[in-house]
Amino acid sequence: FFKQKTAYEIYQCDWSSDVCSSDLFKEGILFDCAHNPDGIKALIDSISKLDYKKLIIVFDVMKDKDYESMSKLINKLNAKFILTKVNVSRAKDPSELKEYFDDYEIIYDVKEAVNHAKYIANENDLVIVAGSIFLVGEIYSFLNHLTPK
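Residues numbered from 1 in each chain as written. Predicted model: local features only at pLDDT ≥ 70, side-chain atom pairs only at ≥ 80, totals over all residues. Heavy atoms only, no water.

A.B. asks: When you look at the pairing of strand 6 (residues 126–130) in this model, what are you seeing that I'm missing?
C.D. replies: On a regular strand, one side chain projects to one face of the sheet and the next to the other, so that they alternate. Counted residue by residue, strand 6 has five buried out of five residues, so it is predominantly covered. When strand 2 (residues 29–32) meets strand 6, the two strands line up parallel, connected through three bridges. When the bridges of strand 6 are listed, Leu30 appears paired with Ile128. The sheet contact formed by strand 3 (residues 55–59) and strand 6 spans five bridges and is parallel. Looking at strand 6, one finds that Ile57 is bridged to Ile128. (Buried < 20%, exposed > 50% of the residue type's maximum accessible area, 1.4 Å probe, protein only. Helix = DSSP H or I, 4+ residues; strand = E, 2+ residues; numbered from the N terminus. Pairing = 2+ DSSP bridges.)

Below is the structure:
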């Protein structure tokens, strides 16, 4: 699955670089807290080192971020995007993002969005959650059966 990374290297969580995975990938999902254009560029660079068949990205962004630049950058990945919205007042409505994406679905419910991503992913596909720290936290908590405080 990895071209240049060992499982141990990927397992190590480095929040200073915004990339975090647990149990290698938590249920087959890579979490990245990329929440600005530079973070999206770093994500693009990081996943270029991975070997996968199809890329599926669950994406959400806050309306006070540079969502236009972020969306245009990440859309270059030739991925299937599942646009969603966390339950935070700052979250951008996914219907207002669709103009920036070529291949997308809108699923407002975050749990349904991640479950759909897992459902459509095949064995050698890569599922990524990115665009918002809130999104990563909500999905990570859901997958770990945690209740947010």
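A.B. asks: Would you mind going over the pairing of strand 3 with me for this structure?
C.D. replies: Of all the five residues making up strand 3, five are buried; the element is thus mostly covered by neighbouring parts of the structure. Here strand 3 shows no split at all, with Leu55, Ile57 and Phe59 on one side and Ile56 and Val58 on the other all buried. As paired strands, strand 3 and strand 4 (residues 80–83) are joined by four bridges and run parallel to one another. Directly across from Val58, in strand 4, lies its bridge partner Ile82. Taken together, strand 3, helix 3 (residues 67–75) and strand 4 constitute a β-α-β crossover, and its handedness is right-handed. (Right-handed = clockwise from strand over helix to strand, strands pointing away.)

A.B. asks: Help me understand the side chain of Ser71 in this model?
C.D. replies: Take Ser71: it is sitting in helix 3. For Ser71, a relative accessible area of 0% corresponds to the buried category. Setting aside anything within four residues of it in sequence, one finds Ser71 in contact with Phe59, Leu97, Tyr100 and Phe101. (Contact = heavy atoms within 4.5 Å.)

A.B. asks: Help me understand helix 4 (residues 110–120), please; the structure alone is not making it clear to me.
C.D. replies: Along an α-helix, residues three or four apart share an orientation, since each turn contains 3.6 residues. Inspection of helix 4 places Val110, Ala113, Val114 and Ala117 among the buried residues, and these make up the whole buried set. On an axial view of helix 4, the arc spanned by its buried residues comes to 90 degrees, and they lie on one face. Opposite the buried face of helix 4, at more than 90 degrees from it, the exposed residues are Glu112 and Tyr119. Among the structural elements, strand 2, strand 3, strand 4, strand 6 and helix 5 (133–143) are those in contact with the buried residues of helix 4. (Arc of directions from axis to C-beta.)

A.B. asks: Explain helix 3 here, please?
C.D. replies: Within helix 3 the residues assigned to the buried category are Met70, Ser71, Leu73, Ile74 and Asn75. For helix 3, the elements touching its buried residues are helix 2 (37–47), strand 3 and strand 4.

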